[in-house]
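# Summary of structural features
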Amino acid sequence: MLTENELKHYQRQLILPEIGKEGQERLKNAKVLVVGAGGLGCPVLLYLAAAGVGHIGIVDFDHVDHTNLHRQVLFGYSSIGKKKAIIAKEKLVDINPNIEIATYLDGLLPSNSFDIISQYDLIVDCCDNFDTRYLINDTCVLLNKSWIFASIYKFEGQVSVFNYNSGPTYRCLFPTPPQTEEVPNCSEIGVLGILPGIIGSFQANETLKLILRTTHNLSGQLLCFNALTSETRTFRITRKTKLPTDEMTKESIISRSISIEFCELNDFNANSIADIEQNFNQIIDLREVNEGVKLTINHLNIPYSELELRHSEIEMNQPVLLICASGKRSAAALQHLKKNHNYKNLKNLKNGILPFLKN
Amino acid sequence: MKIKVNYYGLIADLIGISDENFELNFNESNELDLRSIFNHKYPALLKINYKIALDTEFTETINRNSIPNEISLLPPFAGG
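Thresholds applied
- Residues numbered from 1 in each chain as written.
- Chains lettered and ligands numbered in written order.
- Predicted model: local features only at pLDDT ≥ 70, side-chain atom pairs only at ≥ 80, totals over all residues.
- Heavy atoms only, no water.
- Salt bridge = Lys/Arg side-chain N within 4 Å of Asp/Glu carboxyl O.
- Helix = DSSP H or I, 4+ residues; strand = E, 2+ residues; numbered from the N terminus.
- Buried < 20%, exposed > 50% of the residue type's maximum accessible area, 1.4 Å probe, protein only.
- Domains from an automatic or database assignment.
- pLDDT = per-residue confidence, 0-100.
- Pairing = 2+ DSSP bridges.
- Core = buried A, V, L, I, M, F, W, Y, C linked by side-chain atoms within 4.5 Å.
- Contact = heavy atoms within 4.5 Å.
- Axes fitted to C-alpha atoms, helices over the stretch in contact; angles between N-to-C directions.
- Buried area = accessible area lost by both parts, 1.4 Å probe.
- Polar contact = N/O pair within 3.5 Å; in protein donor to acceptor, adjacent residues only side chain to side chain.
- Parallel < 35°, antiparallel > 145°, perpendicular 65-115°, else oblique.
- Left-handed = near helix turned anticlockwise from the far one by under 90°.
- Nonpolar A, V, L, I, M, F, W, Y, C, P; charged D, E, K, R; others polar.
- Disulfide = S-S within 2.5 Å.

What follows deals with the pattern of salt bridges. Going through the model one piece at a time under the given rule, you end up with 19 salt bridges over all chains. A salt bridge links K154(A) to D13(B), with the nearest nitrogen and oxygen atoms 2.7 Å apart. Placement of the pair is K154(A) in the loop between β5 (146–153) and β6 (156–162) and D13(B) in helix α1 (residues 9–15), with the two residues belonging to separate chains. In this structure D13(B) comes out as partly exposed when scored by relative accessible area, which is 38%. Residues participating in the shared-partner salt-bridge network are D138(A), R171(A) and R256(A).

Next up, the structure:
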């Protein structure tokens, strides 16, 4: 039953015949998990909360960085250094106190994906890496859940609905994940601030339509939008008869190593900046020039985008620590340098430098 | 025969253009393997994942009897 307050809050959409009280009740009873509270996650969360999706889960392990603010519109200057999921929840509670919000601060991992995803009806993929995207896909296929995909690159975005009524999955489009080093992320290549706003709004729209059971959604279609040309194109995706997920079990997914975990052997867990200084002869900061707060300790800045050109500046015979904001680029750089340039002396700063620069 | 080809995301960055009128020579064959043609012209594509679409349909080949309006090359995007 909708309360008096809810009837007023949702009045402008309740009068739409496609929604009505029945649709609003569906929204209220819906359980939606949003994986990633970044560029895409912010608009998705804003609109799902405002529309009255009754149970929202927010998965994000990351902290707000100054460079997030141009596109991650749930956050402001007072949020810098704080957990994204916590701040997002605070904002959403104000936007709509009629809904319940849960937060998952460890991120989505093979070890927790079944436990978390099984509690929700729909999953919205707002993540920024392929390990998590394939984990969402595979867990959703095994649990028979639909999920709403989107991803962005500079001025372009892709949106689709996967695993809806036995429809196509992400692996029908791209059967196997690319190499981590193959596809750059927003920090390295830049992104137009409004792009995730547009693409995230498409995602939120698909989510609401799935809950409301309207006739059309993007299952079986890949929508591509270009913010420079304002063009959209839609491509048809069909379900493949044979998929890598056919062979998977819950156990095989839980025991999967994703790059964050895969690199554990190469990870360095620092307690402090001093800890870093004492243990390494060379510290390589892979963040882009002007990306976030500068390091005060002796270091060499080789932006990830220049790694291939400048890797010879990295020592091969002494302990070297690679760092970036969150530990993802440094993990990718470590794999690349090990594989292609035979480095054996590298460690990766687990979870990145950001937590140390904020305290 | 020239066909419009659209390059998306990372592919446009790797080859330096977002679209072009691409010359396809069928010669004696009815069907061409598009991936090998694009990989040959742009070796940077060899190391990445991408899909090829003729108009709205994903495929690997093009038949001389069914020429699309455009071809699209789409890589996966990571950003969020």
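Back to the write-up after that little detour.
Domain boundaries assigned for chain A yield domain 1 (4–256) and domain 2 (260–356). Domain 1 of chain A and domain 2 of chain A are separated by 30 Å when their C-alpha centres are compared.

Detailed reading of the predicted model is not advised wherever pLDDT is low. Scored by pLDDT, chain B comes out at a mean of 95, with 100% of its residues at no less than 70. Reported confidence for the predicted complex is 0.96 by ipTM and 0.79 by pTM.

Attention now moves to the pairing of strand β7 (residues 70–74) of chain B. Within a regular strand, the side chains alternate between the two sheet faces. All names here are of chain B. With respect to burial, β7 is a largely interior element, five of its five residues being buried. The two faces of β7 match: E70, S72 and L74 on one face and I71 and L73 on the other face are all buried. Summarising the sheet, strand β4 (residues 51–54) and β7 pair through four bridges and their orientation is antiparallel. By the bridge assignment, L54 is partnered in β7 with I71.

Quick look at the nonpolar core now. All names here are of chain A. Among the nonpolar cores identified, the biggest contains 48 residues, and V34, L45, L48, V53, I56 and I58 are the most heavily contacted of them. If you tally residues by element for this core, the top one is helix α10 (residues 194–212), at seven residues. Excluding residues that lie within four positions of it along the chain, I56 makes contacts with V32, V34, L45, L48, A49, I99, E100, I101, A102 and Y120. One finds C140, F162, C172 and L173 within the second-largest nonpolar core, a separate group that totals 35 residues.

What follows concerns the sheet that holds strand β11 (residues 300–301) of chain A. Residues and elements named next belong to chain A. Strand order in the open sheet formed by five strands is β9-β13-β12-β10-β11, with parallel pairing between adjacent strands. Where the open sheet ends on each side, the last strands, each with one partner, are β9 (267–268) and β11. Two elements, β9 and strand β13 (residues 346–349), share two bridges in a ladder whose sense is parallel. Across the sheet, residue F268 finds its bridge partner in β13, namely L349. In the packing of helix α15 (residues 328–341) onto the sheet, contacts are made with β12 (320–323) and β13, and the angle to β13 comes to roughly 165°.

This part covers the side chain of N96(A). Note on placement: N96(A) falls in the loop between α5 (84–95) and β3 (100–104). Every residue in contact with N96(A), bar those within four places of it in the chain, is listed here: H9(A), Y10(A), A49(A), A50(A) and G52(A).

Once that is clear, we can look at the interface of chain B and chain A. Every contact between the two is made by 25 residues of chain B and, on the other side, 34 residues of chain A. With both chains or domains summed, chain B and chain A bury close to 2,400 Å², and 54% of this area falls on carbon and sulfur atoms. Here E70(B) ties to R233(A) by a salt bridge, and the two come within 2.5 Å at their closest N and O atoms. Summed over the shared surface of chain B and chain A, the result is 16 residue pairs in polar contact (both at pLDDT 80 or more). When contributions to the side of chain B that touches chain A are tallied by element, the ones reaching two or more residues are β1 (2–7), α1, β4, β5 (57–58) and β7 of chain B.

Moving on, we get to the packing of helix α3 (residues 20–29) of chain A against α10(A). Residue and element names in this part refer to chain A. Orientation of α3 relative to α10, taken along the N-to-C sense of each, is 110°, at an axis distance of 9 Å. Judged by the angle between their axes, α3 and α10 are roughly perpendicular. Note that α3 runs across α10; the crossing there is right-handed. Taking contact as the criterion, the partners of G23, R26 and L27 in α3 are, on α10, L208, I211 and L212. Each residue belonging to the contact of α3 with α10 can be placed in one class, and the counts come to four nonpolar, one polar and one charged.

Residue and element names in this part refer to chain A. With phi around 60°, N144 is a residue other than glycine that occupies positive phi space. Structurally, N144 can be placed in the loop between α7 (130–143) and β5. We note that N163 has phi near 60°; this positive angle belongs to a residue other than glycine. You can see N163 is positioned in the loop between β6 and α8 (170–173). Taking relative accessible area as the criterion, N163 reaches 5% and is therefore assigned buried.

Once that is clear, we can look at the state of the cysteines. Residue and element names in this part refer to chain A. For the coordinates displayed, the defined rule picks out zero disulfides over all chains. Distance from the sulfur of C127, which forms no disulfide, to the nearest cysteine sulfur (C126) is 8.3 Å. Relative accessible area serves as the criterion here: at 5%, C127 is assigned to the buried category. For the unlinked cysteine C140, the closest cysteine sulfur is that of C127, found at 11 Å.

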